[in-house]
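Remarks on the overall topology
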Amino acid sequence: SLIELLVVIGIVMLLLGLGAGAYIRMSSSFKEQGAAAELDVVLRQARNSAISANAPAYVDIDAPGNRVVPWIYKVVGMWHFEDRTTYGESRGAHHNATMRGAELWPDGKIGKCARLVNNACIDVSNDPDFDCDDGGYLEAYIRPATTRFVGDNYVFSKNNAYSLKIALDGILVGTVGMQKATSQNYRIIPGRWSKVALVWDRNSVRVLVDDCIVGVAPGAKAPISDAPLLIGHESGSFSGLVDEVRVMAATAGKSLLFNQNVKVTHNAAPWNTIYFAADGSLDMRYHAGPLAVTFTQE
């Protein structure tokens, strides 16, 4: 009868509606799970890169752009200052370094070191490896000989690009392009070894002492400069000892772009970045606790 036919049609429509709803929910779930799995792969790769290179790594989270970008640090120069050639060069991991008035000194942080005095400096060349335009990590152990800091005392300098210096009263100042990070509440102590570093990426510029962040400024892209990278400065080096210098350049991996219907949220503020330490652990200098990245279907 007509009534029976209408009842059957109604049942069929109901089943189709339920099936379509279940399919939509399942499809959304698969998209969210797929995005999470892809992010998991990127994070594991960044973590493994940090461990294998014994250098920090990080993953930028571009929530508005629905993408993440992994970054690793590549060691482009490292010097222990244990010996020098007949040409006045100190052998390094990737580059030799010309000692402009600097000399080897037996009392280093580890073994021998380099001694800077009377504006001596160490030229590690103008190789493009040292441009570090997308990000850099420069670190060294220093032991200033002076009892009072006057003027600019450079630890690193690359003219018109970036520098790290000890300013008046021992304040550490890192400059990248137009951005400047300053250790307002920390002073470099003369006569003792300190590990100092200048680190930058597109999110922030940081100065570090003994692996602790003591100053932060907005992110910057280092200008390209033909000037050589110097340990010290041609006319404003700090006076003292320097050892275990390491220069690393940030290199981007392949970006991971998510479906535009998937919304990305996270609690990695204010950095918008997941940082890994050199041992592969979450870098607690940037993250106070566990991180969560969430994907939802819009």
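Rules and cut-offs
- Residues numbered from 1 in each chain as written.
- Predicted model: local features only at pLDDT ≥ 70, side-chain atom pairs only at ≥ 80, totals over all residues.
- Heavy atoms only, no water.
- Helix = DSSP H or I, 4+ residues; strand = E, 2+ residues; numbered from the N terminus.
- Buried < 20%, exposed > 50% of the residue type's maximum accessible area, 1.4 Å probe, protein only.
- Areas by Shrake-Rupley, 256 points an atom, 1.4 Å probe, with all protein chains shown as cover.
- Core = buried A, V, L, I, M, F, W, Y, C linked by side-chain atoms within 4.5 Å.
- Contact = heavy atoms within 4.5 Å.
- Phe/Tyr/Trp six-rings, centres within 6.5 Å; stacked < 30°, edge-to-face > 60°.
- Lys NZ or Arg CZ within 6 Å of the ring centre and 35° of its normal.
- Salt bridge = Lys/Arg side-chain N within 4 Å of Asp/Glu carboxyl O.
- Polar contact = N/O pair within 3.5 Å; in protein donor to acceptor, adjacent residues only side chain to side chain.

**Here we look at the overall build of the protein chain**
Each helix and strand counted, the protein chain has one helix and 21 strands in total. When the 298 residues of the protein chain are sorted by exposure, 44% land in the buried category. For the protein chain, the exposed surface amounts to about 14,700 Å²; the carbon and sulfur share of it is 56%.

**What to know about the nonpolar core**
Ile122, Tyr162, Trp200 and Val242 are the most contacted members of the largest nonpolar core, which has 43 residues in total. When residues of this core are assigned to their parent elements, the largest contribution, four residues, is made by strand β17 (residues 240-252). For Tyr162, the residues in contact, after removing those within four places along its chain, are Phe130, Asp131, Cys132, Leu138, Ser157, Thr175, Val176, Leu198, Trp200, Ala222 and Leu229. Membership of the second largest hydrophobic core comes to 17 residues, among which are Leu39, Ala46, Val264 and Phe276.

**Overview of the packing of aromatic side chains**
Inspection of every chain in the model, using the stated rule, returns ten aromatic pairs. Note that Arg115 overlies the ring of Trp105, its terminal NZ or CZ placed 4.5 Å from the centroid.

**Structural notes on the pattern of salt bridges**
Pairs can form between side chains of opposite charge whenever their charged atoms are close. Throughout the structure, instances matching the rule amount to 17 salt bridges. Here Arg115 ties to Glu103 by a salt bridge, and the two come within 2.6 Å at their closest N and O atoms. Of this pair, Arg115 sits in strand β6 (residues 113-116) while Glu103 is found in strand β5 (residues 103-105), placing the two residues twelve residues apart along the sequence. Residue class for Arg115 comes out partly exposed when judged on its relative accessible area of 26%. Its relative accessible area of 30% is what places Glu103 among the partly exposed residues. Measuring nitrogen to oxygen at the nearest pair gives 3.3 Å for the salt bridge that ties Asp210 to Arg192. With a gap of 18 residues between them, Asp210 in the loop between β14 (204-209) and β15 (212-218) and Arg192 in the loop between β12 (179-182) and β13 (194-200) connect regions that are remote in the sequence. Residue Asp210 is classed as partly exposed on the basis of its relative accessible area of 34%. Ionic contacts of the salt-bridge type, sharing partners, join the residues Asp133, Asp134, Arg202 and Lys221 into one network.

**Structural notes on the side chain of Ser183**
Inspection of the secondary structure puts Ser183 in the loop between β12 and β13. Engagement of the side chain of Ser183 in a polar contact is seen with the backbone nitrogen of Leu172, the distance being 2.8 Å. Here the side chain of Ser183 touches Tyr186 through a polar contact of 3.2 Å, landing on its backbone oxygen. Ignoring sequence-local partners within four residues, the contact set of Ser183 consists of Ile171, Leu172, Val207 and Val214.

**A short note on the environment of Val209**
Turning to its location among the elements, Val209 is positioned in strand β14. Take Val209: its relative accessible area is 3%, and that puts it in the buried class. Distance from Val209 to Arg187, taken between C-alpha atoms, is 9.5 Å for residues 22 residues apart in sequence. When neighbours within four sequence positions are excluded, Val209 is seen to be in contact with Leu172, Tyr186, Ile188, Ser194, Lys195, Val196 and Val214.

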